[in-house]
Amino acid sequence: MASPVRILILGTGGMAANHADSFKAIEGVTLVGGIDTRPVQLAEFCDRFGIAGRFASIDEAIAWGQFDAVTNVTPDAAHYATTLPFLAAGKHVLCEKPLATSEAQADAMAEAAAKAGVVNMVNLSYRNVAALQKAAAMVREGAIGTVRHFEASYLQSWLTQPAWGHWDKESQWLWRLSTKHGSKGVLGDVGIHILDFATFIAGQAAVEVSCRLATFPKAPGDQIGEYPLDANDSATMQIVLENGALGTVAATRFASGHLNDLRLRIYGDKGGLEVCWEKNISTLRACLEADLQTGQWHDVEAPVLATIYQRFIAAIRGEGAAEPDFARGAALQRLLDRAEQSAGQAGVSLKV
């Protein structure tokens, strides 16, 4: 029988339901508490998921203490301040991405987690994509030889149509367009995913980045109610990896026809791989050494993986590695910060 794990959910917004459903499905896991400063929303969420413990503050929850781990589903700008108290209390933490909104805060979180000696993971959800993990294994096994070039993109279109809701009327979308509300734009929101996607598969860190950002007019005066619409909508980056390989990375919310699609094409001196997550389907194609002369590509099977939630619980139980951890989240935040700084200098290349 699986050892019991008691989960506290911090924040009861949109993504919290995904966390709750996923944890409830794991044997031996119990949702024991929720935290939100909004009493009505907290009550509705806890009623929906049968959660008994209900707290208006982190201090109240820590004083109660009857939980083993926390899943942090607060907005990006709140991750730093809301995670540190739980680390100090010796609780395991799964934090939504990005880990923080600055390199300094992310480094402090990674250091605090290491000092606390607890399981710490960041929810880079596309690590669950089967094709990504298989491609990473193939690169590490030498299937494509030495990596020389890659091109990656994260394409969304919710600023061009209302498939997920009306962005100009709903706060869950408007805050993502406003730096006043803690948004780092498409670069911080989904750029972190595609940067992780590319560098994890390549098996190398980025050592240099240059970036351009664009914010497009979307409303009269670039403001809707309390939301100045000043966060970036599109980002393009050039990346240099540790071995000198070059790549391009793009992210946008204006990719009409693509609701939520990730792509990576990565090439070595002995082959190439194409990794896609499109319409919630994972695919992997390869052209390996024997087929280079004819340019023949073929499909590669990739096994289904455990989710981030299952891996978090397994790590707490000592049954698996805590990956991706806060150290990885901090490394990605460093890359994001350098990209943002580069964009502020008209795309000047910066060391990471």
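Preceding this section is the structure that the text describes.
Conventions we followed
- Residues numbered from 1 in each chain as written.
- Predicted model: local features only at pLDDT ≥ 70, side-chain atom pairs only at ≥ 80, totals over all residues.
- Heavy atoms only, no water.
- Axes fitted to C-alpha atoms, helices over the stretch in contact; angles between N-to-C directions.
- Helix = DSSP H or I, 4+ residues; strand = E, 2+ residues; numbered from the N terminus.
- Parallel < 35°, antiparallel > 145°, perpendicular 65-115°, else oblique.
- Contact = heavy atoms within 4.5 Å.
- Phe/Tyr/Trp six-rings, centres within 6.5 Å; stacked < 30°, edge-to-face > 60°.
- Buried < 20%, exposed > 50% of the residue type's maximum accessible area, 1.4 Å probe, protein only.
- Lys NZ or Arg CZ within 6 Å of the ring centre and 35° of its normal.
- Salt bridge = Lys/Arg side-chain N within 4 Å of Asp/Glu carboxyl O.
- Pairing = 2+ DSSP bridges.

## Focus on the packing of helix α4 (residues 79-88) against helix α5 (residues 103-116)
Consideration 1: Orientation of α4 relative to α5, taken along the N-to-C sense of each, is 10 degrees, at an axis distance of 10 Å. Classified by the angle between their axes, α4 and α5 sit roughly parallel to one another. Residues H79, Y80, T83, L84 and L87 of α4 touch α5, and the partners they reach there are Q105, A108, M109, A112, A113 and A116.

## Digging into the packing of aromatic side chains
Consideration 1: On inspection of all chains with the given rule, the structure shows 11 aromatic pairs.
Consideration 2: With 6.5 Å between their ring centres and 65 degrees between their planes, Y126 and W277 make a pair best called edge-to-face. Pair noted here: Y126 is in the loop between β6 (120-123) and α6 (130-140) and W277 is in strand β14 (residues 271-278), with a separation of 151 residues, a long-range link. Like W277, Y126 is buried.
Consideration 3: In this structure an aromatic cluster arises from ring pairing among F55, W64, F67 and F86.
Consideration 4: The ring of F200 carries R127 above its face, with NZ or CZ at 3.9 Å from the centroid.
Consideration 5: We note R140 situated over the ring of F200; from NZ or CZ to the ring centre the distance is 5.0 Å.

## Focus on the pattern of salt bridges
Consideration 1: Under the definition given, this model contains 19 salt bridges.
Consideration 2: Note that D189 and R176 form a salt bridge whose closest N and O atoms lie 3.2 Å from each other. Separated by 13 residues along the polypeptide, D189 in helix α8 (residues 185-189) and R176 in the loop between α7 (171-174) and α8 bring together distant segments of the chain.
Consideration 3: With relative accessibility at 9%, the residue D189 sits in the buried group.
Consideration 4: A salt bridge links K351 to E208; the nearest nitrogen and oxygen atoms lie 3.3 Å apart. Of the two residues, K351 sits in strand β17 (residues 350-351) while E208 sits in strand β8 (residues 206-214), which places them 143 residues apart along the sequence.
Consideration 5: On the basis of relative accessibility, which here comes to 60%, the residue K351 falls in the exposed class.
Consideration 6: Using a relative accessible area of 22% as the deciding quantity, one classes E208 as partly exposed.

## Things to note about the sheet that holds strand β13 (residues 260-268)
Consideration 1: Taken in spatial order, the 9 strands line up as β16-β15-β14-β13-β7-β12-β11-β8-β17 in an open sheet, and their pairing is mixed. The open sheet has two free edges, formed respectively by β16 (298-299) and β17, since each of these has just one partner strand.
Consideration 2: As defined by bridge partners, strand β7 (residues 147-156) adjoins β13 across 9 bridges and the pair is classed as antiparallel. Opposite H149, over in β13, you have Y267 as the bridge partner.
Consideration 3: Packing against the sheet, α6 makes contact with β7, β14 and β15 (281-288), and its axis sits at approximately 25 degrees to β15.

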